[in-house]
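Fold and geometry: a report
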Amino acid sequence: MAPWLTRGLVMALLHGAAVTVLAKYEVFNPTDKTLFTSLALAVLVGAAAGWSAVDAWQDKPERGKNWFIAALIAGPVSGVLYVIGRAVFVDQTGASELGGALTGGAAFSALLVLIPAGLGLFVGGLIAKKAPEDDQDEDEAQPASGKPAGKPSQA
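Residues numbered from 1 in each chain as written. Predicted model: local features only at pLDDT ≥ 70, side-chain atom pairs only at ≥ 80, totals over all residues. Heavy atoms only, no water.

1. Observations regarding the confidence of the model for the protein
- On average, residues of the protein score 83 in pLDDT, and 83% of them reach the 70 mark or higher.
- Helix 2 (residues 34-57) holds the highest mean pLDDT among the elements of the protein, 92, whereas helix 5 (residues 132-140) holds the lowest, 56. (pLDDT = per-residue confidence, 0-100. Helix = DSSP H or I, 4+ residues; strand = E, 2+ residues; numbered from the N terminus.)

2. A short note on the UniProt feature "transmembrane region" (unreviewed entry) in the protein
- Using the residue numbers shown here, the UniProt feature "transmembrane region" (unreviewed entry) corresponds to residues 33-54, 66-85 and 105-128.
- Taken end to end, residues 105-128 is 96% helix and 0% strand, and its first and last C-alpha atoms sit 34 Å apart. (UniProt positions renumbered as here; feature names shortened; annotations may be inferred.)

3. Topic: the packing of aromatic side chains
- Counted according to the given criterion, the structure contains two aromatic pairs.
- Here tyrosine 25 and phenylalanine 36 contribute two aromatic rings whose centre-to-centre distance is 4.3 Å and whose plane-to-plane angle is 25°, an arrangement assigned as stacked. Residue tyrosine 25 is located in helix 1 (residues 3-28), and its partner phenylalanine 36 is located in helix 2; the two are separated by 11 residues in the primary sequence.
- Ring geometry for tryptophan 51 versus tryptophan 67: centroids 5.4 Å apart, planes at 85°, classification edge-to-face. Of this pair, tryptophan 51 sits in helix 2 while tryptophan 67 sits in helix 3 (residues 63-91), placing them 16 residues apart in sequence. (Phe/Tyr/Trp six-rings, centres within 6.5 Å; stacked < 30°, edge-to-face > 60°.)

4. So, the packing of helix 1 against helix 2
- Relative orientation of the contacting elements helix 1 and helix 2 amounts to 170°, with a least axis distance of 10 Å. The angle between helix 1 and helix 2 falls in the class roughly antiparallel. Of helix 2, the residues touching helix 1 (which contributes Thr6, Arg7, Val10, Met11, Leu14, His15, Ala18, Val21, Leu22 and Tyr25) are Phe36, Thr37, Ala40, Leu44, Ala47, Ala48, Trp51 and Asp55.
- In terms of residue class, the contact of helix 1 with helix 2 is made up of 13 nonpolar, three polar and two charged. (Axes fitted to C-alpha atoms, helices over the stretch in contact; angles between N-to-C directions. Parallel < 35°, antiparallel > 145°, perpendicular 65-115°, else oblique. Contact = heavy atoms within 4.5 Å. Nonpolar A, V, L, I, M, F, W, Y, C, P; charged D, E, K, R; others polar.)

Shown next, in the form of structure tokens:
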């Protein structure tokens, strides 16, 4: 399976499940949802940022393109999953909710994958830079004279 498809479907599943659970929680606690919403957003942001940072750290090929396409997939698929989940688990929502879920909800979910993934790719790329041990190895490879190894000097 293509890496962008895997990432997109997993992120869509996470987003659809999180929004459905938030809707269910709101039914029972309509005035006290701030903390729960913040925790759900933190988990979603952390999942995208962490996974993309690992991709950058492992130097996966085409990681930026993969996360961009994954965000485009995660948006609409999470909207459809939200409508299905809400219809099954919360309040028998109908197909009339699909329009809003595929426009505003999909755009928000796509950005909620794309922006943290971009930050994760940046941070993971910084982590993947040369370690200090590599610099010491290069210093030991030069001769004691201080001149770089190469052609012998002519006298």
